[in-house]
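# Commentary on secondary and tertiary structure
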Amino acid sequence: MSKNRQFNKIIFKLMRVTIFQLFMLILFTTFARAFDGKAQTLLDRKITIQFSNQEIEEALDKIEKVADVRFMYSPQLISASRRVNLNFKEERLSTILKAFLKPLNLEYEVVGNKILLNRISAFPTQNTIKEQEKNIPNIEVAEQTVSGIVTDEKGETLPGVNILVKGTQKGVTTDAKGQFKISVADGNAVLVFTSVGYKKQEVTIGGKTQLNISLQLDTQSLEEVVVVGYGTQKKKDLTGSVSSVPVKDIDKVPVSRADQMIQGRVSGVQVIQTNAAPGGNVSIRIRGTNSINSGNEPLFVVDGFPGAGDLNTINPSDIESIEILKDASSTAIYGSRGANGVVLITTKKGKAGKQIINFEAYTGIQQVAKKYDMMNAREFATHLDSVTAQNNRANGTKTPLNYTPAQIAAMGEGTNWQDQVLRVARISNYQFSISGGTNDTKYNFSAGYFNQEGIVINSGFERGTLRFNFDKTISPRLKMGYTSQLAYSSQNDALVNTVGGSAGGTVYDALRFNPVMPVRDSTGAYTYKNDDPNHFVDVAGNPVAYAENVTDHRTNLRTLLTGFGEYEIIDGLKLRMSIGTDINYSTRDYFTPSYLYITTQNTSSGSSQKTSNTNFSWVNENTLTYDRQFDKNNFLNAVAGASVQVFKQNNFTAAANNFFTNQLGTDNLGIAGTTLPNNTSSQKNTLASFFGRVNYQFMNKYLFTVTMRADGSSRFGDGNKWGYFLQEPLPGV
């Protein structure tokens, strides 16, 4: 009996252990199934993701956000130089990960709610590779698979090369061995190979399934020569911040003036058109605003002539290059005048070889993208009557309604004043040039005409330009040349309110003018003013009458000439002498006839103003430049020079009011009833400067620059005529 009890106790203990083990087994099996099910759910998520030429780490971040997952990996697994492309639409995460990670020699494993990345075996067997390729499904139906190897100029394989099917977003990158494989639907598709530091290469497949591509180093960008103050330098030798504006394809963009060519093309440079009218002013800020009380515009240097402002007179098609000096190191050679940055503009020169004749033309239209939705005549009249009736009920008054129901029914749509003052405006440009020459003599002649109508009626801008540039090599050590430009522009301004508030303007008045009123009355005269019996609307003059009859006409005639002579005294030492002149004559004629509402508000019968300004400047600059390569490790470039520039300005203004006739406008101010005092002014100032710059290069790696300038101005006070500017940046590597 005791033995049976003892046996039963042993059996009971064994059963407890077995039941506990069975329970734990079921529990762990449940957790395992749960984790497996969670992994399956995570990998089955369908996402849409698209990017090109993306760093691997950034690509993983984007997948994390889109798929709501978390990657775990060692930073050593990720190459910062590799770039990838992905383009999937509503595809399973597992499929995307296989296609994304395999070329990177990576595999993944789901651990809980995270995805762990590991390196695939460094020496996979052929069977393993084939098995992995079998597991990667075909994402897109392709007629042809193209594979190959990409190498550099030495024949070494290149990992991380981006390969894109031209005209699509489909692409891949080469793996660690420089190998790639891509599917294309067209046997004549073009593959574009790009990699940082190498030239882009386009290859037509032409039915081939194997391509071996060799990329060449792109040294042109580093060897490219850019214009700097009083000379040129290779980009790789610059220690200052100098940006080149890409002007190669500028003919594809309809710009009216040179400063618009910079807009949106250079970092740190803000270009704002302060007046949207054709030929309106443009403001340029290089690295922000530097002064509150003084000017913030940069110094413009055109073909070596400093202070050649008003880029509205320069034909954009004549420009060969634009460089922008942005920091103290690059602008110090111009002293105080370069405090807001410097814009260097070089116009086109002739090239040796066959004579080239070129003609370019384009035309187009401009219009308001969207006009305001305004009430028509019936709606506006009904609204005025409802306001009058509501006021009568609220105030107990009996003010008559403005319009009867019969009048409202007969009104129709009335006048849309926006349509009356705004139009579809044409813009046209014509450019003719002829250039050529020999190794000793080069020339370039161009003529251009630009015409832009304003979207406000009776406004627009026209410009005609002539340019002739000439270079002559007289002997191996002596050469000379000159650049010349003649430009004439004519501008009709429209009065547009740009300051806000209640100030009038053609467009603003068009928005507040009564649509019930016609442009002209039954006699053919302009509707005089905007009014109603109960004075619910602003009183304003007819905007169409104002736009068509007020004269605000500006003209500008400008001549810019520069000439130089250069002599090489000894090998590497050059003396350059240049002289230039800038003559700018501008006028403004402003006339308001007596029959306009705005004229009577000024208690005058017509008003007129005539101004003329003459700006004259000449400059003489003399520089010595020394270039010497001492050996393969030491190179020196030094510039020293002196400059003198004279500025003269004369202004004249005449104004008059109360004309008995409007026929003469500003042509005879003497007939006015009231002649205002004439105003004249004249000023002259001189700037003398000495400057120098030394660039030293050691082992083609270490760069050192020192720049100095001394400016003496007649505007400075006695005892303080000179200002000194020295810039000594740290050596660049």
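As a reminder, the structure under discussion sits directly above these lines.
Let me sum up the structure you'll find in this document. On a predicted model such as this, the values are computed, not experimentally measured, just so you know.

For sheets, the rule is that strands pair by backbone hydrogen bonds, running either parallel or antiparallel. As summarised here, the arrangement of the four strands in space is 8-7-10-11, forming an open sheet in which the pairing is antiparallel. Each edge of the open sheet carries a strand with a single partner, namely strand 8 (171-173) and strand 11 (201-204). Taking each pair of neighbouring strands and ignoring which way they run, the sheet shows an average axis angle of 20°. Here four bridges tie strand 10 (residues 190-194) to strand 11, and the two strands are oriented antiparallel to one another. Among the inter-strand pairings, L191 is bridged to a residue of strand 11, identified as V203.

This paragraph deals with the packing of aromatic side chains. Taken as a whole and assessed by the stated rule, the structure comprises twelve aromatic pairs. Arranged with centres 6.5 Å apart and planes meeting at 20°, the rings of Y430 and Y449 form a pair that is stacked. Here Y430, found in strand 23 (residues 425-437), pairs with Y449, found in strand 24 (residues 441-453); they are 19 residues apart in sequence, far enough to count as distant. Under the relative-accessibility criterion, Y430 is labelled partly exposed at 36%. When its relative accessible area of 34% is taken as the criterion, Y449 is described as partly exposed.

Let us look at the sheet that holds strand 6 (residues 144-151). The mixed open sheet is built from three strands, whose spatial order is 9-6-12. With one partner strand each, in any of the chains shown, strand 9 (179-184) and strand 12 (210-214) form the two edges of the open sheet. Within the sheet, the average angular offset between the axes of one strand and its neighbour, ignoring direction, is 25°. In terms of strand pairing, strand 6 meets strand 9 through six bridges, oriented antiparallel. Paired with T145 across the two strands is S183, which belongs to strand 9.

Turning our attention to unusual backbone geometry. In this structure, E90 is a non-glycine residue whose phi angle is positive, near 50°. Inspection of the secondary structure assignment puts E90 in strand 3 (residues 83-92). Not every positive phi belongs to a glycine, and N458 is a case in point at roughly 65°. With respect to the secondary-structure elements, N458 resides in the loop between strand 24 and strand 25 (460-475). Classification of N458 as partly exposed rests on a relative accessible area of 36%.

What counts, and at which threshold
- Residues numbered from 1 in each chain as written.
- Predicted model: local features only at pLDDT ≥ 70, side-chain atom pairs only at ≥ 80, totals over all residues.
- Heavy atoms only, no water.
- Pairing = 2+ DSSP bridges.
- Helix = DSSP H or I, 4+ residues; strand = E, 2+ residues; numbered from the N terminus.
- Axes fitted to C-alpha atoms, helices over the stretch in contact; angles between N-to-C directions.
- Phe/Tyr/Trp six-rings, centres within 6.5 Å; stacked < 30°, edge-to-face > 60°.
- Buried < 20%, exposed > 50% of the residue type's maximum accessible area, 1.4 Å probe, protein only.

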